[in-house]
Amino acid sequence: MIGSEKVELKNRPRRLRANEIIRNLVREAKLNIEDLVYPLFVVEGKGIKKEIPSLPNNYHFSIDKLVEEVKELTKLGIHYIMLFGLPDKKDNIGSSAYSNDGIVQRAIREVKKEITDIYIITDICMCQYTDHGHCGLLTEDGKIENDTTVEKLSKIAVSHAKAGADMVAPSDMMDGRIAHMRRELDSEGFKEIPIMSYSIKYASSFYGPFRDAAHSAPSFGDRSSYQMDFANPKESLREAEIDINEGADIIMVKPALSYLDIIRRVDEKYNIPIAAYNVSGEYAMIKMAIKNGLMDEKVIYESLLSIKRAGADIIITYFAKEIAEKLRGRN
């Protein structure tokens, strides 16, 4: 008979799981709205708020609608956004990426004009702006030219800073771009602008929905010659160290959920803020599972908390608005 014998136990971990009140008190990792950065996509035109089919509940915004969205986000407690621009015209050198009248530059100015309590991080890359969809300039034989690309990336960063960006985030994975960008920003009077480097960005299949959303899929080949081989965990430490030494203020691991081991390695090795990008494919899979009744919505919080638990200080996620609404309601 169960319970017929007296059991004497000193250690009863279940004492601290007895109810929600005690569980909240002893919880080791907690997710806060302040941990989250919300990616947003801005397009040319007016009056546009169009849902992205591959990223449900995320949208393409024209600048006027973007301003409205950011106002709503700040009311929810989200004060950090990452901007991605989709230009109307592309060319082989991505010239609209560093134009003073580029889509991101104009969006920054309009948002800052209307909203003071928002922190704008801008993605620095060329894939949305080049007609070939690669993250840099091409040689005649179709290879990515590293050093000339780095010069253009720095030019983009300076143009964003001039428009009012609070932080720049190069995602291209070119060698030496952090040192060059830091030097150019400093020489243009932007010594206080931090760099969040996509230091550890793997050549991943989890980016599919983003490439649809940003219209940035390469027209030929892939990005394996500049993004990292996902079989290489040790290389992540080398990439992080290079960027830290070149002047990065924050380093990023991308993707997040399938690379929690990488986040942990970097967190244990370096004393620097770590961001993790909860990428589009991770978002889409969870959304699809919830829609089909395979999991309930609690898995969103659980998955984001796993990223925080692994060691990330900052989480860039398409769930930011949804989780902010839930956290706000709970509080």
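As a starting point, this report considers the structure included with it. This structure is a prediction, so every number in the text was calculated from the model and none was measured. (Residues numbered from 1 in each chain as written. Predicted model: local features only at pLDDT ≥ 70, side-chain atom pairs only at ≥ 80, totals over all residues. Heavy atoms only, no water.)

Quick look at the nonpolar core now. In globular proteins that are soluble, nonpolar side chains generally tend to be buried together. Within the largest apolar cluster, 108 residues are counted, with the highest numbers of intra-cluster contacts made by Leu40, Phe41, Leu66, Met82, Leu185, Met196 and Tyr277. When neighbours within four sequence positions are excluded, Leu185 is seen to be in contact with Ala157, Val158, Ala161, Val168, Phe190, Lys191 and Ile195. (Core = buried A, V, L, I, M, F, W, Y, C linked by side-chain atoms within 4.5 Å. Buried < 20%, exposed > 50% of the residue type's maximum accessible area, 1.4 Å probe, protein only. Contact = heavy atoms within 4.5 Å.)

Take the packing of helix α4 (residues 146-163) against helix α5 (residues 177-187) next. In contact at an axis separation of 9 Å, α4 and α5 are set at 40 degrees when each is read in the N-to-C sense. Taken together, α4 and α5 sit at an angle that is classed as oblique. Every pair of crossing elements has a handedness; the one defined by α4 and α5 is right-handed. Along the contact surface, α4 presents Val150, Glu151, Leu153, Ser154, Ala157, Val158 and Ala161, while α5 presents Arg177, His180, Met181, Glu184 and Leu185. Looking at the contact of α4 with α5 residue by residue, the class counts come to seven nonpolar, two polar and three charged. (Axes fitted to C-alpha atoms, helices over the stretch in contact; angles between N-to-C directions. Helix = DSSP H or I, 4+ residues; strand = E, 2+ residues; numbered from the N terminus. Parallel < 35°, antiparallel > 145°, perpendicular 65-115°, else oblique. Left-handed = near helix turned anticlockwise from the far one by under 90°. Nonpolar A, V, L, I, M, F, W, Y, C, P; charged D, E, K, R; others polar.)

Glancing now at the pattern of salt bridges. Counted according to the given criterion, the structure contains 18 salt bridges. With its nearest N and O atoms 3.1 Å apart, the salt bridge here joins Glu72 to Lys321. With Glu72 in helix α2 (residues 63-76) and Lys321 in helix α11 (residues 320-330), the pair connects residues that are 249 residues apart, well separated along the chain. Using a relative accessible area of 35% as the deciding quantity, one classes Glu72 as partly exposed. One salt bridge connects Glu110 with Lys113, and the closest N-O pair in it is separated by 3.1 Å. With a gap of three residues between them, Glu110 and Lys113 both fall in helix α3 (residues 103-114), about one helical turn apart. When salt bridges that share partners are traced, they join Lys287, Glu297, Glu322 and Lys326 into one network. (Salt bridge = Lys/Arg side-chain N within 4 Å of Asp/Glu carboxyl O.)

Keep in mind these values describe shape, not function.
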